[in-house]
Amino acid sequence: MGLFDEIKDKLTGKHDEAADAPEVQAPIIPEEQARIDREQASNEATAAAAQTELDAKEKAEAEARAKAEAEEKAKADAAAQAKTAADQKAAAEAKADTEAKQKANAAEAAQPKRTYTVKPGDTLSEIGSKFGVNYMDIARANGVKNPDLIYPGQVFTIPE
């Protein structure tokens, strides 16, 4: 009933007597009650089966997520180990290169330098011939700009 109908009924003094009467429920027949009970039991069993299936599905999804996370972690760990190994290898190679250069420098420093002191009448080409070295190599090694201009008493390092 609408609001206006209620107002009209109150003003006119009429009201719905059916609404005031208590609701009467029809008696239930035992066969009908048995059917209702079976239906209710069936519905409950269906709901329980659906819930069990849902729980199983959620558990499987959770396990799949956990497995995927474990695989991702394993991949990340493997990548980190590979990077560490590569970094260690690069460091070892760099150290080996540095040691090799130091050994080469030490060997070069340990070798006695061949030197020659210029005497009157010497030329760079004659000095180079004595040592089996090109005269231009001697000039370069000693910073001589004009190979034709050398002086007695100059000491030249003879390159290997």
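Heads up: the structure comes first, above all this text.
Residues numbered from 1 in each chain as written. Predicted model: local features only at pLDDT ≥ 70, side-chain atom pairs only at ≥ 80, totals over all residues. Heavy atoms only, no water.

**Brief notes about the overall build of the chain**
Scanning the chain from N- to C-terminus turns up five helices and two strands. From first element to last, N terminus to C terminus, the chain shows the α and β order α-α-α-β-α-α-β. For the chain, the proportion of its 160 residues judged to be buried stands at 9%. Relative to all contacts within the chain whose residues are 6 or more apart in sequence, the contacts with residues 24 or more apart total 49%. Carbon and sulfur atoms provide 56% of the accessible area of the chain, an area that totals close to 13300 Å². (Helix = DSSP H or I, 4+ residues; strand = E, 2+ residues; numbered from the N terminus. Buried < 20%, exposed > 50% of the residue type's maximum accessible area, 1.4 Å probe, protein only. Contact = heavy atoms within 4.5 Å. Areas by Shrake-Rupley, 256 points an atom, 1.4 Å probe, with all protein chains shown as cover.)

**Some thoughts on helix α5 (residues 135-142)**
Backbone nitrogen of M136 and a side-chain oxygen of the N-cap are separated by 2.8 Å at the start of α5; the cap is N134. In the stretch just after α5, G143 is the one whose phi turns positive, near 70 degrees. (Polar contact = N/O pair within 3.5 Å; in protein donor to acceptor, adjacent residues only side chain to side chain.)

**Some words on the nonpolar core**
Residues Y116, V118, L124, I127, V133, I138, A139, V144, I150, F156 and I158 constitute the largest nonpolar core, which totals eleven residues. Elements with a minimum of two residues in this core: α4 (124-131), α5 and β2 (155-158). (Core = buried A, V, L, I, M, F, W, Y, C linked by side-chain atoms within 4.5 Å.)

**Describing the pairing of β2**
Residues of β2 alternate between two faces, with F156 and I158 buried on one and V155 and T157 left unburied on the opposite face. As paired strands, strand β1 (residues 114-117) and β2 are joined by four bridges and run antiparallel to one another. Paired with R114 across the strands is I158, a residue of β2. (Pairing = 2+ DSSP bridges.)

**Details of the pattern of salt bridges**
The tally for this structure, following the rule as stated, stands at six salt bridges. Note that E32 and R35 form a salt bridge whose closest N and O atoms lie 2.3 Å from each other. Of the two residues, E32 and R35 are both situated in helix α3 (residues 30-110); the distance of three residues between them amounts to about one turn of the helix. E32 gets classed as partly exposed once you look at its relative accessible area, which sits at 32%. Residue R35 is classed as partly exposed on the basis of its relative accessible area, which comes to 35%. In this structure, the salt-bridge partner of R35 is E39, at a minimum N-O distance of 2.6 Å. One end of the pair is R35 and the other is E39, both in helix α3 and four residues apart, which spans about a single turn. One network of salt bridges, in which partners are shared, links E32, R35 and E39. (Salt bridge = Lys/Arg side-chain N within 4 Å of Asp/Glu carboxyl O.)

**Some thoughts on helix α1 (residues 3-12)**
Little of α1 is tucked away: one of the ten residues are buried. Of the residues one or two after α1, G13 is the one with positive phi, at around 85 degrees.

**Looking at the packing of α4 against α5**
Running from amino to carboxyl end, α4 crosses α5 at an angle of 105 degrees, the nearest separation of the two axes being 8 Å. When the interaxial angle is binned, α4 and α5 end up roughly perpendicular. Residue-level contacts link L124, S125, I127 and G128 of α4 to Y135, I138 and A139 of α5. Each residue belonging to the contact of α4 with α5 can be placed in one class, and the counts come to five nonpolar, two polar and no charged. (Axes fitted to C-alpha atoms, helices over the stretch in contact; angles between N-to-C directions. Parallel < 35°, antiparallel > 145°, perpendicular 65-115°, else oblique. Nonpolar A, V, L, I, M, F, W, Y, C, P; charged D, E, K, R; others polar.)

**Quick look at the side chain of D122**
As for its placement among the helices and strands, D122 is situated in the loop between β1 and α4. Despite its burial, D122 remains without a salt bridge, the nearest opposite charge being carried by K130 at 4.5 Å. At 2.5 Å, the side chain of D122 forms a polar contact with the side chain of Y116. Of the polar contacts made by the side chain of D122, one reaches the backbone nitrogen of K119; its length is 2.9 Å. Excluding its chain neighbours within four sequence positions, the residues that come into contact with D122 are Y116, T117, I127, K130 and I150. (Lys, Arg positive; Asp, Glu negative; His and termini not counted.)

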